[in-house]
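Observations on the model geometry
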Amino acid sequence: MNLKPFKPIIDLLSFAYCNILFKITYRNNSPLPKYPLKFDTSRNFKIVQFADIQDGPNTDPRTLELMNRILDKEKPNLVVLTGDNIDGKCKTAEDVKKAITNISKPMESRNIPWAVVFGNHDDEHFMMSKEQMMNFYMTFNYNVSQIGFKTENRVGNYNLLIHGSSSQAPKFNVYFIDSGKYSILGVYDYITKPQICWYKTIANNLKKQYKKTIPAIMFFHIPLQEFYTAYKTGYIDGLRLESESTSSINTGLFDAIVNTGDVKGIFVGHDHSNTYTAALNNITLGYAGNVGYATYGNPKLQKGARIFEINEANPSTINTRMIFSGDVGLN
Ligand SMILES: [Zn+2]
């Protein structure tokens, strides 16, 4: 069926949903983060992204060693786990808690704030729901994740503001989204319309409150279809050793981001053998490779993580690079 003739009607309904129904029903009851996140005294804010640890209760010690060494070398201000943090190797709720506790240690033992989103494998054990797991993550001292906006089966749609080194004003914003699991419309899920409305509402509220656009970065697990477009049409930096396992349908998050203008980079996991970044509409789309030794990878590619460095003087520019096991003396 050709939906094109109905596009104006669909757009109008979607506009009305976001601007009327969603606004009336949405309540932001997110707590303040346990730790005020701020640019450091040298006006920098560094993030490490660990993608797809994807392991059970007996976490591969090589994964933890790599995480430890990367954190010692980089000393980030925030760590983000972009989903498939654990997997179906957990057979009981105790296993789930053990798997999460294992992966918490590199950050907890170094007093580094860390935040998570869910991927398609995180609740495949069926022993704990995503909400139960998020509540467990949040019990760790340095975990700054939030349940955030809940819609259908999506848990952990939230944002964290990064404040200035010497002021309370937010200078940068980090969005986290639950990109779902599997879809009957293809293999992988898509970010839903209510989640896009949530994003637009947060961005608009911030703009109203602070009277300017606060530059942002966004993390989730499953790449948008625009990753493939960016790879095909844009400059690419890094490796593409597998094709993009994107969302099965395009629900318009990227267009909403372009129209809103705050998000400068979208970073995902999911495709373990991709480390590339590519640009589309002045937005950087990128992967973080894979940090988990217990899961698949391309033998040509070392395990690793992605580093982001943002400077308070110019927070719209996100400097990013990969770090690999060889850079920290591991295989
Ligand atoms: Zn995945």
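The coordinates are above.
Remember, predicted model here, so these are calculated numbers, not experimental data.

Reading guide: rules and limits
Throughout this description, residue numbers start from 1 for each chain and increase along the sequence as written. Per-residue local features are limited, in this predicted model, to residues with pLDDT of at least 70; the limit for side-chain atom pairs, both in listing and counting, is 80 or more; totals at the level of whole chains, interfaces and linings are taken over all residues. With hydrogens and water set aside, each side-chain value is computed from the structure's full complement of heavy atoms. Think of it this way: any DSSP run of H or I at least four residues long counts as a helix, any run of E at least two long counts as a strand, and we number them from the N terminus. The buried label applies to any residue whose accessible area, calculated with a 1.4 Å probe on protein chains only, is under 20% of its type's maximum; exposed applies above 50%, and partly exposed to all values in between. At least two bridges found by DSSP between two strands are what make those strands a pair. Ring pairs are drawn from Phe, Tyr and Trp, using the six-membered ring of Trp, whenever the two centres fall within 6.5 Å, and their geometry is named by plane angle: stacked under 30 degrees, edge-to-face over 60, tilted for the rest. A positively charged side chain is recorded as over a ring if its NZ (Lys) or CZ (Arg) lies within 6 Å of the ring centre. The angle to the ring normal must also be within 35 degrees. Any two cysteine sulfur atoms within 2.5 Å of one another count as a disulfide. Expected helix span is taken as 1.5 Å per residue step, with the number of steps being one fewer than the number of residues. Just to be clear on terms, a salt bridge is a Lys or Arg side-chain nitrogen sitting within 4 Å of an Asp or Glu carboxyl oxygen. Only C-alpha atoms enter the line fits that serve as axes; for helices the fit covers just the stretch in contact. Angles between N-to-C directions range over 0 to 180 degrees. Reported orientations rely on four angle classes, namely roughly parallel under 35 degrees, roughly antiparallel over 145, roughly perpendicular from 65 to 115, and oblique for the rest. Here a residue-residue contact requires only that any non-hydrogen atoms of the pair lie within 4.5 Å.

Next up on the list: unusual backbone geometry. Most peptide bonds take the trans form, and the phi angle of most residues other than glycine is negative. Non-glycine residue Gln54 carries a positive phi angle of around 45 degrees. Its location among the elements puts Gln54 in the loop between strand E1 (44–50) and helix H2 (61–74). The exposure class of Gln54 is buried, given its relative accessible area of 9%. Phi is positive for Asn281, close to 50 degrees, though the residue is something other than glycine.

Another aspect to go through is the sheet that holds strand E6 (residues 170–176). On the basis of which strands lie adjacent, the open sheet formed by eight strands has the order E4-E5-E6-E7-E9-E11-E10-E8 and mixed pairing. The sheet terminates laterally at strand E4 (149–151) and strand E8 (236–237), the two strands that pair on one side only. Of the pairings in the sheet, the one linking E6 to strand E7 (residues 216–219) comprises four bridges and is parallel in character. Residue pairing for E7: Val174 is matched across the bridge by Ile217.

By the definition in use, this model includes 19 aromatic pairs. Aromatic pair Tyr228 and Tyr231: ring centres 6.0 Å apart, planes at 45 degrees, arrangement tilted. Placement of both Tyr228 and Tyr231 in helix H6 (residues 226–233) is noted, with a separation of three residues, approximately one turn of the helix. Tyr228 sits in the partly exposed class, given a relative accessible area of 38%. Here the aromatic rings of Phe267 and Phe308 are separated by 4.7 Å at their centres, their planes lie at 75 degrees, and the arrangement is edge-to-face. Placement of the pair is Phe267 in strand E9 (residues 263–268) and Phe308 in strand E12 (residues 304–311), with a sequence separation of 41 residues. Three or more aromatic residues joined by ring pairs form one cluster here, namely Trp114, Phe118, Phe136, Tyr137 and Phe140. Across the ring face of Tyr231, the terminal group of Arg240 is positioned such that the distance to the ring centre comes to 3.7 Å.

The subject of this paragraph is the state of the cysteines. One pass over the structure, following the stated rule, counts one disulfide. Here Cys18 is linked by a disulfide to Cys197, with a sulfur-sulfur distance of 2.0 Å. Torsion about the S-S bond of the Cys18 and Cys197 cystine: about -100 degrees, corresponding to left-handed handedness. Of this pair, Cys18 sits in helix H1 (residues 7–25) while Cys197 sits in helix H5 (residues 193–210), and the two are 179 residues apart along the sequence. Of the residues examined, Cys197 reaches a relative accessible area of 2% and is grouped as buried.

Turning our attention to H5. End to end, H5 covers 26 Å across 18 residues, agreeing with the expected 26 Å (1.5 Å per residue, within 8%). Downstream of H5 by one or two residues, Lys211 has phi in the positive range, about 55 degrees.

The two faces of a sheet get side chains in turn, since along a regular strand they alternate between them. In this structure, E12 lies alongside strand E13 (residues 318–324), joined through seven bridges in antiparallel fashion. Bridging from a neighbouring strand, Glu309 pairs with Asn319 of E13. From the end of E12 to the start of E13, which pair antiparallel, there are six residues.

Our next topic: the pairing of E1. Judged by how many residues are buried, E1 sits mostly within the fold: six of seven residues are covered. Alignment of E1 against strand E2 (residues 78–82), held across four bridges, turns out to be parallel. Residue pairing across strands places Val48 opposite Val79, the latter belonging to E2.

What follows concerns the pattern of salt bridges. The final tally for this structure, using the stated rule, is 16 salt bridges. Ionic pairing is found between Arg321 and Glu74, a salt bridge with its closest N-O pair at 2.9 Å. Here Glu74 lies in helix H2 and Arg321 lies in strand E13, a separation of 247 residues in the sequence. Taking the relative accessible area as the measure of exposure, Arg321 reaches 33% and is therefore partly exposed. Given the relative accessible area of 5%, Glu74 is considered buried. Put simply, Glu309 and Arg321 hold a salt bridge, and the shortest N to O gap is 3.6 Å. One end of the pair, Glu309, is in strand E12; the other, Arg321, is in strand E13, and twelve residues separate them in sequence.

For the pair H5 and helix H7 (residues 253–260), interaxial distance at closest approach is 10 Å and the crossing angle is 10 degrees. By the angle class used here, H5 and H7 are roughly parallel. Here H5 contributes Ile196, Tyr199, Lys200 and Ala203 to the contact with H7, which in turn contributes Leu253, Ala256, Ile257 and Thr260.

These values are about where atoms sit, not about what they do.
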